[in-house]
Amino acid sequence: MNRLLKAAAVAATAIFASGGAWAADCPVTILDPFDLEGDDIDSIYDCMKDDLVAGYASQGSKIAENYRNWTVTSTRMGVAGPHGSRLLLTFANSIGAEAYLKFEEEGANMPVGSVLAKESIKIHKKKKMAVPGPLFLMTKVAAGELPDTNDWRYDALAPSGKVMKIKQSYCHNCHLGFEDQDYMGYPLEELRLKN
Ligand code: HEC
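Throughout, a residue's number is its position along its own chain's written sequence, starting from 1. Only residues with pLDDT of 70 or above have their local features reported here, since the model is predicted, and side-chain atom pairs are shown and tallied only from 80 upward, although totals for entire chains, interfaces and linings are computed over all residues. Only heavy atoms go into the side-chain values, all of them from the structure, while hydrogens and water stay out.

Draft legend 1. Representation of the side chain of arginine 86 within the structure. Each helix is a run of H or I in the DSSP string that is no shorter than four residues. Each strand is a run of E no shorter than two, and both are numbered from the N terminus. With respect to the helices and strands, arginine 86 occurs in the loop between β2 (71–72) and β3 (87–92). Per-residue accessibility, obtained with a 1.4 Å probe over protein chains only, is compared with the maximum for each type, and a residue is labelled buried under 20%, exposed over 50%, and partly exposed between these values. Among the residues examined, arginine 86 registers a relative accessible area of 18% and is labelled buried.

Draft legend 2. Structural detail: the state of the cysteines. Two cysteine sulfurs form what is called a disulfide whenever their separation falls within 2.5 Å. Evaluated as defined, the whole model comprises 1 disulfide. The side chain of cysteine 26 participates in a disulfide bridge whose partner is cysteine 47; the two sulfur atoms lie 1.7 Å from each other. Here the disulfide of cysteine 26 and cysteine 47 is left-handed, its torsion about the S-S bond being about -90 degrees. Of this pair, cysteine 26 sits in strand β1 (residues 26–27) while cysteine 47 is found in helix α2 (residues 38–57), placing the two residues 21 residues apart along the sequence.

Draft legend 3. Molecular detail of the site of the ligand. If a single non-hydrogen atom of a residue is within 4 Å of a molecule or strand, that residue counts as near it. For the ligand, the set of nearby residues contains 22 residues, the closest of which are His83, Tyr100, Cys171, Cys174 and His175. In this structure, a nitrogen atom belonging to the ligand sits 2.7 Å away from a side-chain N or O atom of histidine 83. Taking lysine 118, its side chain carries an N or O atom lying 3.2 Å from an oxygen atom of the ligand. Judged by the fraction of its atoms near the pocket grid, the ligand is located in the largest pocket. Those elements giving two or more residues to the shell around the ligand turn out to be β3, β4 (115–124), β6 (135–140), β7 (152–157) and α5 (168–175). It is α5 that provides the largest number of residues to the shell around the ligand, a total of 4 residues. Throughout, the ten residues Ala, Val, Leu, Ile, Met, Phe, Trp, Tyr, Cys and Pro are labelled nonpolar, Asp, Glu, Lys and Arg are labelled charged, and all others, Gly among them, are labelled polar. Partitioned by chemical class, the residues of the shell around the ligand number 16 nonpolar, 4 polar and 2 charged. Pairs of N or O atoms are called polar contacts if they sit within 3.5 Å, as long as, within protein, a hydrogen donor faces a hydrogen acceptor (for residues adjacent in sequence, only side-chain-to-side-chain pairs). Two kinds of site are reported from a 1 Å grid over the protein atoms alone, namely cavities, where a 1.4 Å probe fits but cannot get out, and pockets, open sets with protein on both sides within 12 Å along at least five of seven lines, and residues are called lining when an atom falls within 4 Å of a point. Molecules are considered to sit inside a cavity or pocket once more than half of their atoms lie within 2 Å of its grid points.

Written out as structure tokens, the structure reads:
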């Protein structure tokens, strides 16, 4: 990174860190995420989407800088339950998009190099705000490379763009339940964008 870019990145971090408040905070009236209708979810996303990606990308993650140009996999964010009852939206990179969008329920097998990036937004009940959640990532590595997690690597970026310390087993123990789907949970059925 050249010096100017670095300075800009530091400035961006300072803005995001200032006052403990997120530029991206958006007020909500419905506090139970499961009660949100499609329109509510769309307006929350509209309010937050620019600051969400700016936060993820503010520490130089190449994935965070690029995933919005990948293939979006559902019509809008969904509230599935796992991942802290957050609103979730998954993007697939060019290697993985075609296979992911089949949403195969048996014998799914993602190509090596597939990356899935899932944005998340949390409804903060006390603050009555929608606040940014982590960017969750799954990367398919070469066969045999990560036997404990069936060759998936799990990562997460905090809303500030910082790499989060996560346990592979924490993520995979739940994703293990989706064995026939190559360990992917997929978006809510009614929201899936098929090929
Ligand atoms: C309690 C169960 C559970 C845990 C723990 C969990 N996940 Fe998930 N994950 C799911 C479910 C269910 C979905 C699909 C729901 C959706 O995206 O709407 C999913 C979807 C995903 C996706 C989108 C790709 C896909 O599977 O369709 C990514 C990326 C992801 N999780 C990463 C992670 C990471 C990283 C961790 C650990 C920090 C983690 N998950 C922990 C249940 C879990």
